[in-house]
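# Fold and geometry: a report
Letter by letter, the chains look like this.
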Amino acid sequence: MSCKTPLILLVLLFVTKCASECGIKVPIRPVLDKGLREIEPIPMHIALFIDPSLRQWTQEERQTSMIAGVHHYMFPIGTSLAKNIEETTQKVFNEVTVLNELPGLEKVEANAYDAVLTVQLVESTLELIVEDSVCQAIGKHHLSIRATFSDKQFNTLFDENLTVEGKHLDIVDFETEGGWWKTAGPKYGPAVEDSIEKVVSNLAQKLLASGKQIEN
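Residues numbered from 1 in each chain as written. Predicted model: local features only at pLDDT ≥ 70, side-chain atom pairs only at ≥ 80, totals over all residues. Heavy atoms only, no water.

### Notes on the sheet that holds strand S2 (residues 42-50)
Let me state the cut-off plainly: For two strands to pair, DSSP has to find at least two bridges joining them. The secondary structure listing takes helices from DSSP runs of H or I that are at least 4 residues long and strands from runs of E that are at least 2 residues long, numbered from the N terminus. Only C-alpha atoms enter the line fits that serve as axes; for helices the fit covers just the stretch in contact. Angles between N-to-C directions range over 0 to 180 degrees.
One open sheet holds the five strands; their spatial order is S5-S2-S6-S7-S8, and the pairing between them is mixed. On the outer flanks of this sheet lie strand S5 (93-99) and strand S8 (156-171), each paired with one strand and no other. Adjacent strand axes in the sheet meet at a mean angle of 25 degrees when their direction is disregarded. Pairing of strand S6 (residues 115-131) with strand S7 (residues 136-151), which is carried by 16 bridges, proceeds in the antiparallel orientation.

Here it is as structure tokens:
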């Protein structure tokens, strides 16, 4: 046996132990709706307030299976979701001011905001499934946000819960079985990315319709 083998085994054991105790930070990188690249931004100044609890939302999940092993996942959902909402709103409108607190009527008038958008997290539920018999993992993310869009007089244009489900299938093959699945675990990030992309796309369509309503 090579002298390197015990060292490699120790490294793998350390990585697995740390991942289980400290949590594997799952990368989440949703992309913007491609259709937004083609639209002409609505000439309006929007105040955007995203609830701090949404921004800070990190979800912890634990999983044990015969193939994947024992894993402790950390999903920084709020950071990615808030960033995607901001970038999408900036595509829909030509000027967006991101606020740290809800604006009152005086602030809206003083800053000449044309409308106010507030977003809150309603639900974020993850299903992490490993089907040992067919060597595959399925990630499902049930995501719901509440979006309220009002004009400068605080007349509500829409106030709705937008609910979606993101999915992703990850299959273990000959090369990965017993390899990175044991240390890094199945890829569940894409399921969260899918739900964020869907819910923010739905929000964009609502904003486009309501923005044009104000403009006209």
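That was the structure; now back to the text.
### Structural notes on the pattern of salt bridges
For the record, the criterion: In what follows, salt bridge is the name for a side-chain nitrogen of Lys or Arg lying within 4 Å of a carboxyl oxygen of Asp or Glu. Burial classification: accessible surface area is computed with a 1.4 Å probe over protein chains only, and a residue below 20% of its type maximum counts as buried, one above 50% as exposed, and the rest as partly exposed.
Following the criterion strictly, the structure yields five salt bridges and no others. As a salt-bridge pair, Lys 206 and Glu 160 come within 2.9 Å of each other at their nearest N and O atoms. With Lys 206 in helix H6 (residues 189-215) and Glu 160 in strand S8, this pair connects stretches of sequence that are 46 residues apart. Assessed through its relative accessible area of 29%, Lys 206 is described here as partly exposed. A residue is classified by how much of its surface remains accessible, and Glu 160, at 29% relative accessible area, is partly exposed. Lys 167 serves as the salt-bridge partner of Glu 165, at 3.4 Å between the closest nitrogen and oxygen.

### What about the packing of aromatic side chains?
Formally: Here a Phe, Tyr or Trp ring, Trp counted by its six-membered ring, pairs with any other such ring whose centre lies within 6.5 Å, and the pair is stacked when the planes are under 30 degrees apart, edge-to-face when over 60, and tilted otherwise.
Counted under the stated rule, the structure contains four aromatic pairs. Considering the side-chain rings of Tyr 73 and Phe 75, the 6.0 Å spacing of their centres and the 40 degrees angle between planes classify their relative orientation as tilted. The pair Tyr 73 / Phe 75 is uniform in exposure class, with both members buried. Grouped by ring-pair contacts, the aromatic residues Tyr 73, Phe 75 and Tyr 188 constitute a single cluster.

### Quick word on the layout of surface pockets
Which parts of space are left empty comes out when a probe the size of a water molecule is rolled across the atoms. Note the cut-off: A pocket here means an open set of points on a 1 Å grid, computed over the protein atoms alone, that has protein on both sides within 12 Å along at least five of seven lines. A cavity is instead a set of points where a 1.4 Å probe fits but cannot get out; residues with an atom within 4 Å of a point line either one. Grid points are joined across faces, edges and corners, and a volume is the space filled by probe spheres set on the points. Side-chain classes follow a simple rule in which Ala, Val, Leu, Ile, Met, Phe, Trp, Tyr, Cys and Pro form the nonpolar group, Asp, Glu, Lys and Arg form the charged group, and the remainder, Gly included, forms the polar group.
Approximately 190 Å³ is the volume attributed to the largest pocket. In terms of lining residues, the largest pocket is bounded by 15 residues, among which Val 26, Pro 27, Pro 186, Lys 187 and Tyr 188 are the most central. At the level of secondary structure, the elements contributing two or more residues to the lining of the largest pocket comprise strand S1 (24-25) and H6. Take the lining of the largest pocket: its biggest share by element is three residues, from H6. Looking at the lining of the largest pocket, its residues break down into nine nonpolar, two polar and four charged.

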